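Letter by letter, the chains look like this.
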Amino acid sequence: MTATVPVEHVIALAAALFALGVVGLLVRRNIMLMLVSLEIMLNAAGLAFVAAGARWQAPDGQVMFLVILTVAAAEVSVGLALALQIYRRFKTLDADALDEMRG
Amino acid sequence: MLDLLWLAPTLPLLGFAVLALAGARLGRTGAAAVGVGSVGLSAVVALAAGVELFQLPELSRVFTQKLWTWFDVAGLVVPFGLHLDTLSLAMIVVITFVGFLIHLYSVEYMAGDESFAKFFAYMNLFVGSMLLLVLADNLLLLYLGWEGVGACSYLLIGFWWRDPANDAAARKAFIVTRVGDAALAIALFILYRHFGTWQIQELATRATAEWAVGSRLAVWTAALLLAGAVGKSAQLPLQTWLPDAMAGPTPVSALIHAATMVTAGVYLIARTHALFELAPDVQLLVAAVGAATLLLAGFAALAQTDIKRVLAYSTISQIGYMFLALGVGAYSAALFHFFTHAFFKALLFLGAGAVILACHHEQNIFQMGGLRRRLPFVFWTFAIGGGALAGFPLVTAGFYSKEWILGQAWAFPGAGPALWAAGLAGALLTALYTTRLILIVFFGEPRTPAAASAHAPGWLITIPLAVLAVGSVATGFLEMPEWLGGASTFGNALFSVFSKTPDGPAADTEMALAALATAVCFAGIAFAYWLYGPGQALPRALASPAAAAVASFWRGGWGFDTLYRTLFVRPFVWLAALNRADAVDLIPAALAAIAGAFHRLVRLSQTGRVRWYAAVIVAGAIAILTLAVWR
Amino acid sequence: MQTAFYLAAAIAIAATAMVVTRRNVVHALLYLVLSLLAIAVVFFTLGAPFVAALEVIVYAGAIMVLFVFVVMMLNLGPAAVAQEREWTRPGVWILPAILAAVLFGEVVFLLGGAGGPNAGGLEVTPAQVATALYGPYVLAVELASLLLLAGLIGAYHLGRRGKGSEDEL
């Protein structure tokens, strides 16, 4: 027993979550929270895929979500390791402190 | 041997090449051998060619040799051709023979110099260019030689370039003669425009046939040619460079600025005399320029203290005589005076060089004195040269050549007597300053220890002096007036070139004129003896401030340097100083500034912060979506 | 069932908004867990029970736990909270809010409103998903495992301590 929801609504939900993730990414200076915002955005994208799969009654959407999930996992692990290194070297988690690439 | 005529200019040019490329490796003897030998061999070629030339019948005493075609483009064909007739023969004999003697002299004179090989390289280049100039059969090749000698003059005046005064003198010489060169170039353009050729013989015949006497084109062309000649020969108004050119070594002054280069203007006018005859007003102007210059330079020579500057102004004055002769149509007389003048002026310069060397490089005549006893040989040769310069009667060549000119000037219709009077006054001045020079340098007591301990020169100096002294006397006998026996070798030789020489005065008038000139010469000598001899009348006369002011005015060359500085140099320097900040450079600098500003602008976007970059990505995504929404 | 969807959606949005605005990192993480659980419910209502389970187990269970571990390890304390307060002053929110709002608006505009086909209806069973995974998407599975291997090695290497920094973490 599942609900029949207009697919636009689900995609709109995904868009809203994505937009919130963008806000978080742009506003927060703490690297941890930036990574968290990235997770939100990835999750929103996955939601959109699942919605599409549900609309077409096909498993492809869920398979894509699985792939996205894998990507998120790998990215989180590497990202957190990087964050640890940054904290060790710079003694801060301020993303704005890492601006040596400025020109 | 005539076929080997091309060797005459080529040998010195080869000598230049060898010395320029390998001069340092040859050592003193080797460089001297190459430098002197090339000119010596060239003299042999010239003399042999002359002998063979005289074996041709008189009316066809011409030899032409086309070496190759220089360029052939769009209808303009200019060959590299040589043209030998008696006029160019006279020139090349003087250039190579006197040049050889001067090169020999330089071996001893420049012996202590560090750039020995370079000196001979430049001198050889000069001789080669000068020979090209006089042997050229077309005006463009002549111009090549013209420019070549100008460049060598610059190089040799500034030979001791470490002293900035010498550099300034070299630049002045080059720039002033450039004015003349530009005029000459315009004359070449006009001639090409109208005749399509630069072959001198062809131009002469066609111009005489096509241009009317006194037509505007003829007048302009002749005037421009005169301007070119005036520049190179240091006549009014472009005479200011020659006294300063004495900054170069004395052999340079002897060869370039006395015997040869400065006579290139005389040669040019003689060569293109057909064009001058088409513009009688311009030809009269030639004579007027000559007359004015000879007087001006004569007065200036009276007041000089540097031995070489006296001789420089004397050269300007004597070339004024040559111009005077050219102006009245007495081309052969002008060339004869050139011929004798080359010998005695080179002799005087070389003698002056010997004196300067003996007094340890002292050039101020008032620091000399009494050198007659220390340098007897130099004194006697200098006296012979001075006598020739002053026109000492009967025994010196200068007497005969100057006589010829004055006689021809007297016989010239119209302005003749006025020109003759100027020439006679000039002769008085010449005798005056020559005697003054000899008295101050060689007589009296030595004024400085350097003069008291003057040492006699070696054989490489004395032999050229001796040969030139013989020439200063012997060449006179090539052309003697009627009442003395009437030798006419020189005039006859040149008859094939200048078929119409004007008639001179009648024989008895000629004798009277000669007597007057003799009297003037003796008067000048006596006057100078009274002023500068044991009585020393001059210092008392010069005590008045007016006289001292006049003397200083003459010493400065009649103020021409100041005039030109005010008229030309100062405004030009002021104009150049206006643009000191280089306004034209603003354009590329502005481009660079714009690029820099743009760079700084774009650089602002590279903050190095992740959040900023993320924001830009989001903005980009929005932009793309906006595009999708609008479509 | 539709109300379940809308309710879970609302909770998800609210929880995500809280995540973004919290000053304490741990609080933010916990709100994120809540948001993920709400999304899982959404998945379930859409007839995708497999990914709903995966969302809970992997996303909320593994990834979030990893986050919590690292944050605890860093042991930042009240100083960090004070710093966050300073970093999130109201003025900072304006421009990102505008950008995000524009983005959201454009996507919604492109969707074109309701009236299209419906999502959900029939459940897509795990068996179907598995058949797809071992059928046409088998390469994706292999690549995913390679990606995880790369992530593993990278995380190990990057997280390693250097020679002289034993005294820190």
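Further up the page is the structure itself.
Note that this is a predicted model, so its numbers are computed, not measured.

Criteria and cut-off values
- Residues numbered from 1 in each chain as written.
- Chains lettered and ligands numbered in written order.
- Predicted model: local features only at pLDDT ≥ 70, side-chain atom pairs only at ≥ 80, totals over all residues.
- Heavy atoms only, no water.
- Contact = heavy atoms within 4.5 Å.
- Buried area = accessible area lost by both parts, 1.4 Å probe.
- Salt bridge = Lys/Arg side-chain N within 4 Å of Asp/Glu carboxyl O.
- Polar contact = N/O pair within 3.5 Å; in protein donor to acceptor, adjacent residues only side chain to side chain.
- Helix = DSSP H or I, 4+ residues; strand = E, 2+ residues; numbered from the N terminus.
- Nonpolar A, V, L, I, M, F, W, Y, C, P; charged D, E, K, R; others polar.
- 1 Å grid on protein atoms, 1.4 Å probe; cavity = no way out; pocket = protein on both sides within 12 Å on 5 of 7 lines; lining within 4 Å.
- Points joined across faces, edges and corners; volume = space filled by probe spheres on them.
- Axes fitted to C-alpha atoms, helices over the stretch in contact; angles between N-to-C directions.
- Parallel < 35°, antiparallel > 145°, perpendicular 65-115°, else oblique.
- Left-handed = near helix turned anticlockwise from the far one by under 90°.
- Patch = residues over 30% accessible without salt bridge, like charges linked within 9 Å, V, L, I, M, F, W, Y side chains within 5 Å.
- Areas by Shrake-Rupley, 256 points an atom, 1.4 Å probe, with all protein chains shown as cover.
- Buried < 20%, exposed > 50% of the residue type's maximum accessible area, 1.4 Å probe, protein only.
- Phe/Tyr/Trp six-rings, centres within 6.5 Å; stacked < 30°, edge-to-face > 60°.

It is worth spelling out the interface of chain A and chain C at this point. Counting residues at the interface gives 68 residues for chain A and 84 residues for chain C. Taken together, the two surfaces of chain A and chain C that pack against each other cover about 7,100 Å², and 76% of this comes from carbon and sulfur. The tally of links from chain A across to chain C stands at one salt bridge. A salt bridge links Arg28 of chain A to Glu84 of chain C, with the nearest nitrogen and oxygen atoms 2.7 Å apart. Summed over the shared surface of chain A and chain C, the number is 12 residue pairs in polar contact (both at pLDDT 80 or more). Those elements that place two or more of their residues in the side of chain A that touches chain C are strand E1 (4-6), helix H1 (7-27), helix H2 (31-56) and helix H3 (60-90) of chain A. Per element, the largest residue contribution to the side of chain A that touches chain C is 22 residues, and it comes from H3 of chain A. Looking at the side of chain A that touches chain C, its residues break down into 48 nonpolar, 11 polar and nine charged.

Moving on, we get to the pattern of salt bridges. All names here are of chain B. Applying the stated criterion across every chain, the model contains 15 salt bridges over all chains. Notably, a salt bridge pairs Glu147 with Arg178, separated by 2.9 Å at the nearest N-O pair. Taken together, the residues span a long stretch of sequence, with Glu147 in helix H4 (residues 139-157) and Arg178 in helix H5 (residues 164-195) at a distance of 31 residues.

Another aspect to go through is the layout of surface pockets. All names here are of chain B. Looking at the largest pocket, its volume works out to about 610 Å³. Taken together, 17 residues make up the lining of the largest pocket; nearest its centre are Lys172, Ile175, Val176, Tyr564 and Val569. Those elements that place two or more of their residues in the lining of the largest pocket are H5 and helix H25 (560-578). Residue classes in the lining of the largest pocket are distributed as 11 nonpolar, one polar and five charged.

Below, the discussion takes up the interface of chain C and chain B. Listed as interface residues are seven residues of chain C and, on the opposing side, seven residues of chain B. Taking both partners together, chain C and chain B bury about 690 Å²; carbon and sulfur atoms supply 84% of that area. In this structure, the connection of chain C to chain B is made through one residue pair in polar contact (both at pLDDT 80 or more). Classifying every residue of the side of chain C that touches chain B by side-chain character gives six nonpolar, no polar and one charged.

All right, on to the packing of H1 of chain A against helix H5 (residues 94-111) of chain C then. The interhelical angle for the contact between H1 of chain A and H5 of chain C, taken along N-to-C directions, is 165°, at an axis separation of 9 Å. Taken together, the axis directions place H1 of chain A and H5 of chain C in an arrangement best described as roughly antiparallel. Crossing handedness for the pair H1 of chain A and H5 of chain C: right-handed. Of the residues in H5 of chain C, those in contact with Glu8, Ile11, Ala12, Ala15, Ala16, Phe18, Ala19, Val22, Val23, Leu26 and Val27 of chain A of H1 of chain A are Pro96, Ala97, Leu99, Ala100, Leu103, Phe104, Val107 and Leu111 of chain C.

To continue, consider a nonpolar patch on the surface. Residues and elements named next belong to chain B. There is a patch of nonpolar side chains on the surface, built from Leu563, Leu567, Phe568, Val569, Phe572 and Val573 and spanning about 610 Å² of accessible area. Tracing the backbone through its elements, the reader meets Val573 in helix H25. By relative accessible area, which is 49% here, Val573 ends up partly exposed.

The subject of this paragraph is the packing of aromatic side chains. Taken as a whole and assessed by the stated rule, the structure comprises 30 aromatic pairs over all chains. Measuring from ring centre to ring centre gives 5.7 Å for Trp70 of chain B and Phe80 of chain B, while their planes differ by 70°; the resulting arrangement is edge-to-face. Of the two residues, Trp70 of chain B sits in strand E1 (residues 63-73) while Phe80 of chain B sits in strand E2 (residues 76-84), which places them 10 residues apart along the sequence. Overall, the relative accessible area of 30% leaves Trp70 of chain B in the partly exposed class. Judged by relative accessible area, Phe80 of chain B falls into the buried class, the value being 12%. Judged by centre distance (5.0 Å) and plane angle (75°), the rings of Phe5 of chain C and Tyr6 of chain C are edge-to-face. Among the aromatic residues, ring-to-ring pairing joins Phe116, Phe119, Phe120, Tyr122 and Phe159 of chain B into one connected group.

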